[in-house]
Amino acid sequence: MALPTGPKRFRCRGRLLDLTERSRVVGILNLTPDSFSDGGRFSDPEAAVDQARRMVEEGADILELGGESTRPGAVAVTADEELRRVVPVLRRLRSELAVPLAVDTYKPEVARAVLDEGAEIINDVYGARGEGHLAIEVARAGAGLVIMHMKGTPRDMQVDPFYEDVVVEVLAFLQDRAAFSERVGVDPESIILDPGLGFGKRLEDNLVLLGRLSEFHRLGKPVMIGPSRKSFVGKVLDLPVGERWEGTAACVGAAILQGVAFVRVHEVGPTVRLNRMLDAIRKAH
Ligand code: HH2
């Protein structure tokens, strides 16, 4: 029996990633004082650049910089503050690393500034909602866009979320936002879809999504997931944030065998090895 697969390639700013070769690992670099699992560790630019170099040595395919935490209950920061955290590190990494650099932001003015600084992918946890100014910036730059599903906002998303059918609802949202982004000019081959594990989802919603990821191929876009160290993993294993690697790895395994192209993680080296094995199994099918 053949294992499910997604699209064959992803394009951003003139780069072409062949997704048939292997799955791709996105290394998370949080430049925030308050991220849920590594807040404050990389707020110093030197520490951030060292961590970025380490992740690339370990095999990260993409590095993703974030200047605002979106953990449940997080409070938004200004665009100026976000840029103050992200731009110096982005400039340093641009000049010394060859991997594509993504920035996790939902603010159009931040997206515009980081795209001007050479970022290649914008990861929007609000999924290009609203009037589409962020998607327009992405289109203008010919960049990649990650459209993630979130119910509500980080402030209220975990207050009693409810779905009739989480897969149907998330699929409909992603399909609508992808079509919208294409209408404002984003290249159809430059869009990645992410069901947004932990963003306005109950434990069972996250587990149902993880078991039904192959259904997302119907939308014809590469899929990304970000299970790394999240609280739903902690709930299943009854473990604190620092002890969730195996739980994260189980989610990555489920995802890769269903044809997910991108996994967004904090622990790059172990995930690269894990994926090499999973990709070998996939290739045999
Ligand atoms: N998860 C987080 C942030 N951004 N983007 C996508 N596309 N998918 C995700 O699952 C996702 C995301 C939350 O994790 P993290 O960046 O580690 O924490 P924080 O938001 O507290 O900085």
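Residues numbered from 1 in each chain as written. Predicted model: local features only at pLDDT ≥ 70, side-chain atom pairs only at ≥ 80, totals over all residues. Heavy atoms only, no water.

### Notes on the packing of helix 8 (residues 245-257) against helix 9 (residues 268-283)
For any two helices packed against each other, the geometry is given by the interaxial angle and the distance between the axes.
Next, step 1: With their axes 10 Å apart at the nearest point, helix 8 and helix 9 run at an angle of 30 degrees to one another. Looking at the two axes, helix 8 sits roughly parallel to helix 9. The chirality of how helix 8 crosses helix 9 is right-handed. Contact residues: Trp-245, Ala-249, Val-252, Gly-253, Ile-256 and Leu-257 in helix 8; Pro-270, Thr-271, Leu-274, Asn-275, Leu-278, Asp-279, Ile-281 and Arg-282 in helix 9.
Next, step 2: Tallied by class, residues from the contact of helix 8 with helix 9 come to 9 nonpolar, 3 polar and 2 charged. (Axes fitted to C-alpha atoms, helices over the stretch in contact; angles between N-to-C directions. Helix = DSSP H or I, 4+ residues; strand = E, 2+ residues; numbered from the N terminus. Parallel < 35°, antiparallel > 145°, perpendicular 65-115°, else oblique. Left-handed = near helix turned anticlockwise from the far one by under 90°. Contact = heavy atoms within 4.5 Å. Nonpolar A, V, L, I, M, F, W, Y, C, P; charged D, E, K, R; others polar.)

### Quick look at the environment of Thr-70
Next, step 1: Turning to its location among the elements, Thr-70 is positioned in the loop between strand 4 (62-66) and helix 2 (79-96).
Next, step 2: Taking relative accessible area as the criterion, Thr-70 reaches 13% and is therefore assigned buried.
Next, step 3: As for Thr-70 and Val-159, which are separated by 89 residues in sequence, their C-alpha atoms are 15 Å apart.
Next, step 4: Dropping the residues within four chain positions of it, Thr-70 is found in contact with Val-125, Pro-154, Met-157 and Phe-199. (Buried < 20%, exposed > 50% of the residue type's maximum accessible area, 1.4 Å probe, protein only.)

### Description of the site of the ligand
Next, step 1: Not every one of the 18 residues close to the ligand is listed here, only the nearest: Ser-35, Ser-69, Thr-70, Asp-194 and Lys-230.
Next, step 2: At a separation of 3.0 Å, an oxygen atom of the ligand approaches a polar backbone atom of Phe-36.
Next, step 3: A distance of 2.9 Å is found between an oxygen atom of the ligand and a side-chain nitrogen or oxygen belonging to Arg-264.
Next, step 4: The protein chains hide 98% of the 480 Å² of surface that the ligand would expose on its own.
Next, step 5: Judged by the proximity of its atoms to the pocket grid, the ligand belongs to the largest pocket.
Next, step 6: Looking at the shell around the ligand, its residues break down into 6 nonpolar, 7 polar and 5 charged. (Near = heavy atom within 4 Å. Polar contact = N/O pair within 3.5 Å; in protein donor to acceptor, adjacent residues only side chain to side chain. Areas by Shrake-Rupley, 256 points an atom, 1.4 Å probe, with all protein chains shown as cover. 1 Å grid on protein atoms, 1.4 Å probe; cavity = no way out; pocket = protein on both sides within 12 Å on 5 of 7 lines; lining within 4 Å. Sits in = over half its atoms within 2 Å of the grid points.)

### Observations regarding the pairing of strand 3 (residues 24-30)
Next, step 1: Most of strand 3 sits out of view: 7 of its 7 residues are buried.
Next, step 2: Burial along strand 3 is two-sided: the face carrying Arg-24, Val-26, Ile-28 and Asn-30 and the face carrying Val-25, Gly-27 and Leu-29 are both buried.
Next, step 3: Relative to strand 4, strand 3 runs parallel, the two being bridged by 5 bridges. Directly across from Gly-27, in strand 4, lies its bridge partner Leu-63.
Next, step 4: After leaving strand 3, the chain enters helix 1 (residues 45-57) and then returns to the sheet as strand 4, a path that is right-handed. (Pairing = 2+ DSSP bridges. Right-handed = clockwise from strand over helix to strand, strands pointing away.)

### Details of a nonpolar patch on the surface
Next, step 1: A surface patch of nonpolar side chains, amounting to about 250 Å² of accessible area, comprises Leu-207, Val-236 and Leu-237.
Next, step 2: Mapped onto the fold, Leu-207 is located in helix 6 (residues 203-211).
Next, step 3: Judged by its relative accessible area of 42%, Leu-207 is partly exposed. (Patch = residues over 30% accessible without salt bridge, like charges linked within 9 Å, V, L, I, M, F, W, Y side chains within 5 Å. Salt bridge = Lys/Arg side-chain N within 4 Å of Asp/Glu carboxyl O.)

### Some points on the side chain of His-149
Next, step 1: Within the fold, His-149 resides in the loop between strand 7 (144-148) and helix 5 (166-183).
Next, step 2: Judged by its relative accessible area of 4%, His-149 falls in the buried class.
Next, step 3: Of note is the side chain of His-149, whose polar atom sits 2.9 Å from the side chain of Lys-201.
Next, step 4: Aside from chain neighbours lying at most four places away, what touches His-149 is Tyr-163, Val-170, Phe-173, Leu-174, Asp-194, Pro-195, Gly-196, Phe-199 and Lys-201.

### Considerations on the nonpolar core
It is characteristic of soluble globular proteins that their nonpolar side chains tend to be buried jointly.
Next, step 1: Of all hydrophobic cores here, the largest spans 67 residues; its most connected members are Leu-29, Leu-63, Leu-65, Leu-93, Val-114 and Phe-216.
Next, step 2: Contacts of Leu-65, omitting those with residues within four sequence positions, involve Leu-29, Leu-31, Val-86, Val-89, Leu-90, Leu-93, Ala-102, Val-103 and Asp-104.
Next, step 3: Residues Leu-17, Leu-19, Ala-102 and Ile-192 belong to the second largest nonpolar core, which totals 13 residues. (Core = buried A, V, L, I, M, F, W, Y, C linked by side-chain atoms within 4.5 Å.)

### A few points about the sheet that holds strand 8 (residues 191-194)
Next, step 1: Here 8 strands make up an open sheet; going across it, the order is 8-7-6-5-4-3-10-9 and the pairing parallel. Two strands in the sheet have a free side with no partner beyond their single neighbour: strand 8 and strand 9 (224-225).
Next, step 2: Packed on one face of the sheet, helix 4 (residues 133-141) meets strand 6 (121-124) and strand 7 and runs near 155 degrees to strand 7.
Next, step 3: Set on the sheet, helix 5 makes contact with strand 7 and strand 8; between it and strand 7 the angle comes to about 150 degrees.

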